[in-house]
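Notes for the structure review
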Amino acid sequence: MSNDFEWIDSTKEFLFCKLCQIKLSGSRFHLKRHERNSTHQKASKAVKTSQHLKSLVGDGSKNKLLKHQIKTAEIKLCCFICEENLPLLLMDTLPLLNKEIYPDSKIAQGVSMKRSKATKIITGVLGQTFKKEVINDLKKSRFSIIIDEITDISTKRSLVVVVRYWSDDHQKIVD
Ligand SMILES: [Zn+2]
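Residues numbered from 1 in each chain as written. Predicted model: local features only at pLDDT ≥ 70, side-chain atom pairs only at ≥ 80, totals over all residues. Heavy atoms only, no water.

Looking now at the overall build of the chain. Each helix and strand in the chain was counted, giving 6 helices and 5 strands. The order of helices and strands in the chain, counted from the N terminus, is β-β-α-α-α-α-α-α-β-β-β. By the compact-globule yardstick of 16 Å for 175 residues, the chain is too spread out, its C-alpha radius of gyration being 29 Å. For the chain, the spread of C-alpha atoms along the three principal axes comes to 90 × 40 × 40 Å. Burial statistics for the chain: of 175 residues in total, 21% are counted as buried. (Helix = DSSP H or I, 4+ residues; strand = E, 2+ residues; numbered from the N terminus. Rg over C-alpha atoms; globule rule 2.2 N^0.38 Å. Buried < 20%, exposed > 50% of the residue type's maximum accessible area, 1.4 Å probe, protein only.)

Written out as structure tokens, the structure reads:
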């Protein structure tokens with residue numbers, strides 16, 4: 001019976017309409033009559049619409065790939081800011097500019113990042129990763145170290161540590 005009526009909750013011992021959230025009783029004839037009543041019809045239509053919306057959003061794997069590409073773009077933008085020693089303030093406008101220049105790019109449109117998120121990516125993700133890389137490098141090579149203590153404008157005290165060494169992987173001197 002439940003094959004004919006897909007709206008019946010098969011996990012329950014009694015007849016239960018998943019759409020109307022009510023207990024039912026009676027024979028096949030009664031169930032057919034319930035299927036035709038207006039409340040049930042409305043609920044059924046609503047479910048179909050939401051399934052249609054889900055299909056519009058696209059299949060999961062495609063979404064996953066795009067999300068990954070957006071994340072990669074955000075990380076690369078952060079790398080660029082660090083590598084060129086640019087102010088983080090740029091992140092308030094650069095992604096918006098990209099959106100305008102590349103209106104057909106889903107990746108550019110998906111990037112949603114301002115300076116506070118960029119700061120978190122740089123200190124929380126990139127910083128940690130590159131620190132590990134540098135530590136591993138320094139275990140294998142000789143290096144010079146320069147330190148300087150500073151108190152910046154916000155009276156936050158910091159200790160700048162610069163190490164300089166030859167990187168075999170990059171074939172250059174790294175600071
Ligand atoms: Zn119903």
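Pairing analysis gives 9 bridges linking strand β3 (residues 143–151) to strand β4 (residues 157–167), with the strands arranged antiparallel. In the sheet register, Ser 144 faces β4, and the bridge partner there is Arg 164. Hairpin remark: β3 followed by β4, antiparallel, with 5 residues in the connecting loop; positive phi at Thr 155, about 55°. (Pairing = 2+ DSSP bridges.)

Next up on the list: the environment of Val 111. Within the secondary structure layout, Val 111 lies in the loop between α5 (106–110) and α6 (115–140). Distance in space between the C-alpha atoms of Val 111 and Ala 73 is 7.3 Å, their sequence separation being 38 residues.

Further remarks concern the environment of Lys 140. Mapped onto the fold, Lys 140 is located in helix α6. In the structure, Lys 140 is positioned 10 residues away from Phe 130 in sequence and 16 Å away in space, judged by C-alpha atoms.

Looking now at the nonpolar core. Of all hydrophobic cores here, the largest spans 13 residues; its most connected members are Leu 77, Cys 78, Met 91, Val 111 and Met 113. For this core, the secondary structure elements donating two or more residues are α3 (60–83) and α6. If you tally residues by element for this core, the top one is α3, at 5 residues. Excluding its chain neighbours within four sequence positions, the residues that come into contact with Met 91 are Leu 77, Cys 78, Ile 81, Met 113, Lys 114, Arg 115 and Ala 118. Ranked by size, the runner-up nonpolar core spans 7 residues in total, among them Phe 5, Ile 8, Cys 20 and Leu 31. (Core = buried A, V, L, I, M, F, W, Y, C linked by side-chain atoms within 4.5 Å. Contact = heavy atoms within 4.5 Å.)

A rise of 1.5 Å per residue sets the reference length of α6, with its 26 residues, at 38 Å; its end C-alpha atoms lie 36 Å apart and thus fit the reference within 8%. At Gly 127, α6 shows its strongest bend, of approximately 40°. (Expected span 1.5 Å × (residues − 1). Bend = angle between axes of the 7 residues up to and from the residue.)

Time to look at the confidence of the model for the chain. Per-residue pLDDT for the chain has a mean of 86; in total, 91% of the residues score no lower than 70. The element-level mean pLDDT for the chain is lowest in strand β5 (residues 172–174), coming to 66, with helix α4 (residues 94–101) highest at 95. (pLDDT = per-residue confidence, 0-100.)

Glancing now at the packing of aromatic side chains. What describes a pair of aromatic rings is the distance from one ring centre to the other and the angle between the planes of the rings. One pass over the structure, following the stated rule, counts 2 aromatic pairs. With a centroid separation of 6.2 Å and 80° between ring planes, the pair formed by Phe 14 and Phe 16 is classed as edge-to-face. Across from the ring centre of Phe 16, 4.6 Å away, lies the NZ or CZ of Lys 12, which sits over that ring. (Phe/Tyr/Trp six-rings, centres within 6.5 Å; stacked < 30°, edge-to-face > 60°. Lys NZ or Arg CZ within 6 Å of the ring centre and 35° of its normal.)

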